[in-house]
Amino acid sequence: MKSRPRRKPARERGGPARKSPRSRGRGPGARSIGGYLIERMHALGINDIFGIPGDFVLGFYGMLERSPIRIVGTCSELNAGYAADAYARINGIGAVCVTYSVGGLSLINAIAGAYAEKSPVIAISGAPGVEERADNLLLHHRVGAFDTQREIFERITVAATCLDDPLTAFREIDRCLGAAMAHKRPVYIELPRDRVTTVPRYRDAEPVEALQSNKAALDEALAEARELLGRARQPVILAGIEVHRFGLRKQVLAFAERHKIPICSTLLSKSVVSELHPLYLGVYEGAMGRADMRRYVEDSDCLVLLGAFMTDMDLGVYTAKLDPNRWIFASSEDVRIRHHHFHEVLFPDFVNGLLKAKIAVPKRELPPMAHEQPAKYVPKKSAKITNKRLFQRVNELLDEHTVVVSDVGDSLFGASDLVIHRDSEFLSPAFYTSMGFAVPAAIGVQVANRERRPLVLVGDGAFQMTGMELSTAVRLKFNPIVIVLNNKGYTTERFLQEGPFNDLQEWHFHELPAVIGGGVGMEVRTEGDLEQALATALVQRDSISILNVHLEPNDISPALERLASSLRKRI
Ligand SMILES: Cc1ncc(C[n+]2csc(CCOP(=O)(O)OP(=O)(O)O)c2C)c(N)n1
Ligand SMILES: [Mg+2]
């Protein structure tokens, strides 16, 4: 079994100074369990929490209301989870708070996605009181045992707890929050309703110890990496999503710039570095990507994979051909150089070590695609709008304030060809691929940063799952521009297997503002309509815009077409 990196002794840990846990008793400054949870979350940078109240969590909601953390209500708990996930991707950490079972169990899909794609979300659920549980009553919302919900969450979080014991509650809070930060994954905290205001008799909060690399293993890994890079003729960096999650973008970019190594991203990490950077090649995605850059990456004699997940989605449905004999692979889970595995090496230490290392990477020309710019889009007023032209036009719309939030389906494939201007301006569930992410995620983006304007790309099928969350955007006076790719059903699925199960009842998406009480809706059938609709949307600064873009059911994006033709060749 793989050993875990060692923990630093508590006295060596850095971080913010805290008062001695034992210096506070039960006097006026003493904290309740609920109060301590709020205090610690706020200290980590959580200023907003998403969710829907219920009687098992009302006490905690009252406490939140009196705290500096703002509650953002949503239309469903699933949507609250997606919003909290997006908030975490922008803010570094996010939180959601729901009631027992009916709320918690609805949240599961979103937390599973955050786990799969490494987004640190604190999922808090109210629960029956400890005293109530003693009589084993069939309290409403109960499913099976009182522990059922916690046991389910244990499988999709890095730490899960029930704060039923005042003696350990503070330590449990610290353990869970520490785990979310260290692993960049969700945690689950259950708060029985009769423990919210309980003030523990003794404050038992041992500081959580930070992980630490084994120095000898780290040095050895870096020495081997230096040696490979020192004789590389065509090195390439593939910057994965963990580069963003662990806050290492600047370091990776500095490393690339120092040695003039071209960089590509994966679909999940798209925009991890600015896509206008002169060293940037594009999104590497096997056969789904552009042929020239695919060849360049696959021919590399030293591929530096940093924080990438080797998923089927990121590897162009396994059409990618990356050779482990020629790679340096480092992530939070594994460091492998060729076939050598290095244990107890922390990902940030490895990246920082690479940056500091003295390496003489041989000089070489940059590949031509590093300088490529998209062709100028000139609208043909009466031409029927197509998928390809829509994405070309959207590309011109992007500026440094836009955050592209893409849902699953052809919206994601098409979006992979967009050129994102700044760091991390592209959000998508590109690995877990749960439909319905984008609209609620756009709320999370603007709660985290009101200055950013989300451009939501969403299929008609995905919109029908969670689109009502736009109501929250109207309430909060947010201004996402929502482009619904109305291709009359599940086109991505049609392309896999045609059948009546891919058909949908067609909605008048542009009429939604009348139902939700705000925003403008527009119907787009031609390139001229698109120009007009976008012009209207751009000046609509205080409310949502929704564009119902009519596309043919078989009109697919160039990226999906590339993938299809490559797969056809293989059959
Ligand atoms: C929650 C969820 N259910 C089902 C799927 C399987 N699935 C993947 S793509 C897709 C169709 C998406 O339809 P739409 O949103 O209209 O986008 P399009 O493919 O038409 O561009 C389905 C059903 C999924 N990824 N997520
Ligand atoms: Mg569709």
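Scroll up to find the structure this text is about.
Quantities reported herein were computed from a predicted structural model and do not represent experimental measurements.

K.L.:
What is the right way to look at the overall build of the protein chain in this model?
P.N.:
When its secondary structure is counted, the protein chain shows 21 helices and 21 strands. By the burial criterion, 57% of the 571 residues in the protein chain qualify as buried. Here the analysis covers contacts within the protein chain between residues at least 6 apart in sequence; of these, 77% occur between residues at least 24 apart. Counting only carbon and sulfur atoms, one obtains 53% of the accessible surface of the protein chain, whose full area is about 23,700 Å².

K.L.:
What exactly am I supposed to notice about the site of ligand 1 here?
P.N.:
Neighbouring ligand 1 are 16 residues; Asp 460, Gly 461, Ala 462, Thr 491 and Thr 492 lie closest to it. The separation between an oxygen atom of ligand 1 and a polar main-chain atom of Gly 489 is 2.9 Å. Interatomic distance of 2.8 Å between a backbone N/O atom of Thr 491 and an oxygen atom of ligand 1. Taking 580 Å² as the accessible area of ligand 1 by itself, protein coverage stands at 79%. For the shell around ligand 1, the elements supplying multiple residues, two or more each, are helix H16 (460-466) and helix H18 (491-496). With four residues, H16 is the largest single contributor of residues to the shell around ligand 1. Across the shell around ligand 1, the residue classes tally to four nonpolar, nine polar and three charged.

K.L.:
Help me out: how do you make sense of the sheet that holds strand E13 (residues 327-330) in this one?
P.N.:
Sheet strands pair via backbone hydrogen bonds, and the direction of the pair is either parallel or antiparallel. The seven strands are arranged E11-E10-E9-E12-E13-E14-E15 in an open sheet whose pairing can be described as mixed. With one partner strand each, in any of the chains shown, strand E11 (280-283) and strand E15 (340-342) form the two edges of the open sheet. Mean inter-strand twist for the sheet, computed between neighbouring axes without regard to direction, equals 15°. Pairing of strand E12 (residues 302-306) with E13, which is carried by four bridges, proceeds in the parallel orientation. By the bridge assignment, Val 304 is partnered in E13 with Ile 328. Across the face of the sheet, helix H11 (residues 291-298) comes into contact with strand E9 (235-239), strand E10 (263-265), E11 and E12 while running at roughly 110° to E11. Sitting on the sheet, helix H12 (residues 347-356) touches E12, E13 and strand E14 (335-337), and the angle it makes with E12 is about 135°.

K.L.:
Honestly, the nonpolar core in this entry has me stumped. Any pointers?
P.N.:
Soluble globular proteins tend to pack their nonpolar side chains together in the buried interior. One finds Leu 229, Leu 306, Phe 350, Ile 483 and Leu 547 to be the most contacted residues of the largest nonpolar core, which totals 80 residues. Ranked by residues supplied to this core, first place goes to helix H8 (residues 215-230) with seven residues. Excluding its chain neighbours within four sequence positions, the residues that come into contact with Leu 306 are Ile 237, Leu 238, Ala 239, Gly 240, Val 243, Val 252, Ala 330, Phe 347, Val 351 and Leu 354. Core analysis: the second largest hydrophobic core is formed by 48 residues, Ala 160, Ala 442, Leu 470 and Phe 509 among them.

K.L.:
Please explain the sheet that holds strand E7 (residues 187-192) as it appears in this structure.
P.N.:
Spatial ordering of the open sheet is given by E3-E2-E4-E5-E7-E6, a layout of six strands whose pairing is parallel. Two strands close off the open sheet at either side, each with one partner strand: strand E3 (70-73) and strand E6 (159-162). The sheet shows a mean angle of 20° between the axes of neighbouring strands, direction not considered. Examined bridge by bridge, strand E5 (residues 121-127) and E7 share six bridges and lie parallel to one another. Note on E7: the bridge partner recorded for Ser 125 is Glu 190.

What counts as what
Residues numbered from 1 in each chain as written. Chains lettered and ligands numbered in written order. Predicted model: local features only at pLDDT ≥ 70, side-chain atom pairs only at ≥ 80, totals over all residues. Heavy atoms only, no water. Helix = DSSP H or I, 4+ residues; strand = E, 2+ residues; numbered from the N terminus. Buried < 20%, exposed > 50% of the residue type's maximum accessible area, 1.4 Å probe, protein only. Contact = heavy atoms within 4.5 Å. Areas by Shrake-Rupley, 256 points an atom, 1.4 Å probe, with all protein chains shown as cover. Near = heavy atom within 4 Å. Polar contact = N/O pair within 3.5 Å; in protein donor to acceptor, adjacent residues only side chain to side chain. Nonpolar A, V, L, I, M, F, W, Y, C, P; charged D, E, K, R; others polar. Pairing = 2+ DSSP bridges. Axes fitted to C-alpha atoms, helices over the stretch in contact; angles between N-to-C directions. Core = buried A, V, L, I, M, F, W, Y, C linked by side-chain atoms within 4.5 Å.

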